[in-house]
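Chain by chain, the residues:
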Amino acid sequence: MAVPKSRWSKARSRRARAQYKVKAPALATCPQCKAQKLPHHVCKQCGYYKGREVVSAQDA
Ligand SMILES: [Zn+2]
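The numbering scheme is per chain: residues are counted from 1 as the chain's sequence reads. Where totals are concerned, whole chains, interfaces and linings use all residues; where local detail is concerned, this predicted model gives features only for residues with pLDDT of at least 70, and gives and counts side-chain atom pairs only at 80 or more. With hydrogens and water stripped out, all remaining heavy atoms of the structure feed into the side-chain values.

S.K.: How should I be thinking about the overall build of the chain in this particular structure?
M.R.: Going along the chain from the N terminus, every DSSP run of H or I of four or more residues is numbered as a helix, and every run of E of two or more is numbered as a strand. A tally of helices and strands in the chain yields one helix and four strands. Traced from its N-terminal end to its C-terminal end, the chain shows the element sequence α-β-β-β-β. We compute the radius of gyration over the C-alpha atoms and compare it with the globule rule, which gives 2.2 Å times the number of residues raised to the power 0.38. Its C-alpha atoms give the chain a radius of gyration of 22 Å, clearly above 10 Å, the size a compact globule of 60 residues would have. Each principal axis of the C-alpha distribution contributes one length, and for the chain these read about 55 × 25 × 20 Å. For every residue, the accessible area (1.4 Å probe, protein chains only) is compared with the maximum for its type, and the residue is labelled buried under 20%, exposed over 50%, or partly exposed between those bounds. Within the chain, buried positions represent 12% of all 60 residues. Considering only contacts within the chain whose residues lie at least 6 apart along the sequence, 0% involve residues at least 24 apart. Contact between two residues is taken to exist if any of their heavy atoms lie within 4.5 Å; hydrogens are not considered.

Below you can see the structure in the form of structure tokens.
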């Protein structure tokens, strides 16, 4: 396994870590009930995905 030749300075580590940011999650609108939902996920409100009900709305 490759081993680093020298350690990163405190400033370099801190500069690199300063770039880590929290990003707001991407949201899509459900075509069935118009609620906000995560893209590529079953809608939590109506249980629909790809135009059909895949899970019932109460246990979704
Ligand atoms: Zn929906």
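Now that the structure is up, let's keep going.
S.K.: Help me out: how do you make sense of the coordination of the zinc ion in this one?
M.R.: Each donor-metal-donor angle would ideally measure 109.5 degrees in four-coordinate tetrahedral geometry, or 90 or 180 degrees in six-coordinate octahedral geometry. Any N, O or S atom lying within 2.8 Å of the metal counts as a donor, and for Na, K and Ca the limit rises to 3.2 Å; water is left out, so some sites can look incomplete. Surrounding the zinc ion are the protein donor atoms C30 (SG), C33 (SG), C43 (SG) and C46 (SG), which sit 2.2 to 2.3 Å from the metal. If you look at the zinc ion, its four donor atoms make angles of 107 to 113 degrees with each other, and the shape they trace is tetrahedral. As a motif over one chain, the donors of the zinc ion read C-x2-C-x9-C-x2-C. With a relative accessible area of 2%, C30 lands in the buried category. Its relative accessible area of 31% is what places C33 among the partly exposed residues. Any coordination sphere not matching a tetrahedral pattern (four donors, all angles between 85 and 135 degrees) or a square planar or octahedral pattern (four or six donors, opposite donors over 155 degrees apart, other angles between 65 and 115) is reported as irregular.

S.K.: Help me out: how do you make sense of a nonpolar patch on the surface in this one?
M.R.: A grouping of V42, V54 and V55 is seen on the molecular surface, where their side chains present a nonpolar patch of about 180 Å² in accessible area. Looking at V55, the relative accessible area reads 32%, which means it is partly exposed. The patches reported here contain residues having more than 30% relative accessible area and no salt bridge. Joining distances are 9 Å for like charges and 5 Å for nonpolar side chains (Val, Leu, Ile, Met, Phe, Trp, Tyr). Using the Shrake-Rupley algorithm and a 1.4 Å probe, accessible areas are obtained, with residue cover drawn only from the displayed protein chains. Salt bridges are defined by distance alone: a side-chain nitrogen of Lys or Arg within 4 Å of a carboxyl oxygen of Asp or Glu.

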